[in-house]
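Each chain is listed here by its residues.
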Amino acid sequence: MSAASRALQRSNRPRRTRRRATLLAAGAAAAALALTSCTSGGTSGGGGDTGFVAGSDGIDTVAKGDRTAAPDLSGETVEGGQLDVADLKGKVVVLNVWGSWCSPCRAEAENLQTVYDDTRDQGVEFVGINTRDGNTSKARAFEEEFGITYPSLYDPTGKLMLRFEKGTLNPQAIPSTLVLDRDGRIAARTLQALSEKKLREMLDPVLAEK
């Protein structure tokens with residue numbers, strides 16, 4: 001091989017390395033996008049040592065004696081205040097993960113607000129977890145558009161969602177809705193946009209517990 005050929009081969013190596021790194025980065029970004037994309041539902045399993053039962057209606061439930069405590073869910077809200085879900089023990093809490101960019105979230109928003117209006121005098125609190133919105137102005141515009149009056153924690157990077165333990169009823173899609181019992185334990189979950197009827201089906205059994 002001539003000196004000129006060897007020099008050309010060496011000069012091409014950085015290009016191939018850069019191109020491979022670019023392709024790997026693009027693949028990683030695509031995978032991350034797939035995991036965090038807005039979805040209208042999801043799948044989940046029961047049995048084994050998970051402790052929960054997957055319902056045919058898309059609502060997963062846990063028997064009262066097998067429930068796991070919700071993780072620390074606290075921080076700044078979309079509205080600029082501070083909120084700690086642990087302070088709501090003694091009440092049944094509906095947690096809804098949403099984003100202003102998410103079509104199924106927009107479809108269910110008014111349903112959540114209606115059920116909140118109907119149940120808040122019965123000891124029920126609603127808390128949103130807003131995620132993947134780059135700023136709170138978009139989230140506030142969403143709340144104003146759909147008349148949302150309950151607070152939402154602002155979680156743009158999804159760090160609060162990652163605090164849920166694997167094998168528990170954790171939010172794996174956007175939107176996701178969880179119901180916490182009066183002891184702050186996860187009683188039910190769905191990974192789909194909710195009608196009023198479906199939300200009441202999740203909430204009423206936990207609300208009826210003594």
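Treat the numbers as computed from the prediction; the structure is a model and nothing was measured.

### Quick look at unusual backbone geometry
Omega for the peptide link from Ile174 to Pro175 comes to 10°, which places this bond in the cis form. Mapped onto the elements, Pro175 comes out in the loop between strand 7 (152–155) and strand 8 (176–180).

### Some points on the environment of Glu79
The residue Glu79 is located in the loop between strand 3 (74–76) and strand 4 (82–84) in this model. Along the sequence, Glu79 and Tyr154 sit 75 residues apart, while their C-alpha atoms lie 8.7 Å from each other. When sequence neighbours within four positions are dropped, the list of residues in contact with Glu79 reads Glu143, Tyr150, Pro151 and Ser152.

### Section: the packing of aromatic side chains
Across all of its chains, the model carries 5 aromatic pairs by this definition. Both rings, one in Tyr116 and one in Tyr150, keep their centres 5.4 Å apart while their planes meet at 75°; by these two values the pair is edge-to-face. With Tyr116 in helix 2 (residues 103–119) and Tyr150 in the loop between helix 3 (136–146) and strand 7, this pair connects stretches of sequence that are 34 residues apart. Each of the two residues, Tyr116 as well as Tyr150, counts as buried. In textbook terms, an aromatic cluster arises when at least three aromatic residues are bridged by ring pairs, as seen for Trp98, Phe142 and Phe146.

### A few points about helix 3
Of the residues making up helix 3, those classed as buried are Thr136, Ala139, Phe142, Glu143 and Phe146. Projected down its long axis, helix 3 carries its buried residues within an arc of 115°, all on one side. The secondary structure elements touched by the buried residues of helix 3 are strand 5 (92–98), helix 2, strand 6 (124–131) and strand 7. Once helix 3 ends, the next one or two residues include Gly147, with phi positive near 70°.

### Details of the packing of helix 2 against helix 4 (residues 196–207)
Following both chains from N to C, one finds helix 2 and helix 4 inclined at 45°, their axes separated by 9 Å at the closest point. Judged by the angle between their axes, helix 2 and helix 4 are oblique. Considering how the two elements wind past one another, helix 2 and helix 4 form a crossing that is right-handed. Two secondary-structure elements touch here, helix 2 through Asn111, Leu112, Thr114, Val115, Asp118 and Thr119 and helix 4 through Glu196, Leu199, Arg200 and Leu203. For the contact of helix 2 with helix 4, a count of residues per class yields 4 nonpolar, 3 polar and 3 charged.

### A closer look at the nonpolar core
Core analysis: the largest hydrophobic core is formed by 47 residues, its most contacted members being Leu73, Val85, Leu95, Phe126, Val127 and Val179. Of all the elements in the fold, those that place two or more residues in this core are strand 2 (59–62), strand 5, helix 2, strand 6, helix 3, strand 8, strand 9 (186–190) and helix 4. A per-element tally of this core places strand 5 first, with 6 residues. Beyond its immediate stretch of four places on either side in the chain, Val179 contacts Val92, Val93, Val94, Arg185, Ile186, Ala187, Ala188, Met202, Leu203 and Val206.

### Digging into the packing of helix 2 against helix 3
Relative orientation of the contacting elements helix 2 and helix 3 amounts to 45°, with a least axis distance of 9 Å. Relative to helix 3, the element helix 2 lies oblique. You can see that helix 2 and helix 3 cross each other, and the crossing is right-handed. Residues Cys105, Arg106, Ala109 and Glu110 of helix 2 form the contact with helix 3, whose own contacting residues are Phe142, Glu145 and Phe146. Broken down by class, the residue content of the contact of helix 2 with helix 3 amounts to 4 nonpolar, no polar and 3 charged.

What counts as what
- Residues numbered from 1 in each chain as written.
- Predicted model: local features only at pLDDT ≥ 70, side-chain atom pairs only at ≥ 80, totals over all residues.
- Heavy atoms only, no water.
- Helix = DSSP H or I, 4+ residues; strand = E, 2+ residues; numbered from the N terminus.
- Contact = heavy atoms within 4.5 Å.
- Phe/Tyr/Trp six-rings, centres within 6.5 Å; stacked < 30°, edge-to-face > 60°.
- Buried < 20%, exposed > 50% of the residue type's maximum accessible area, 1.4 Å probe, protein only.
- Arc of directions from axis to C-beta.
- Axes fitted to C-alpha atoms, helices over the stretch in contact; angles between N-to-C directions.
- Parallel < 35°, antiparallel > 145°, perpendicular 65-115°, else oblique.
- Left-handed = near helix turned anticlockwise from the far one by under 90°.
- Nonpolar A, V, L, I, M, F, W, Y, C, P; charged D, E, K, R; others polar.
- Core = buried A, V, L, I, M, F, W, Y, C linked by side-chain atoms within 4.5 Å.

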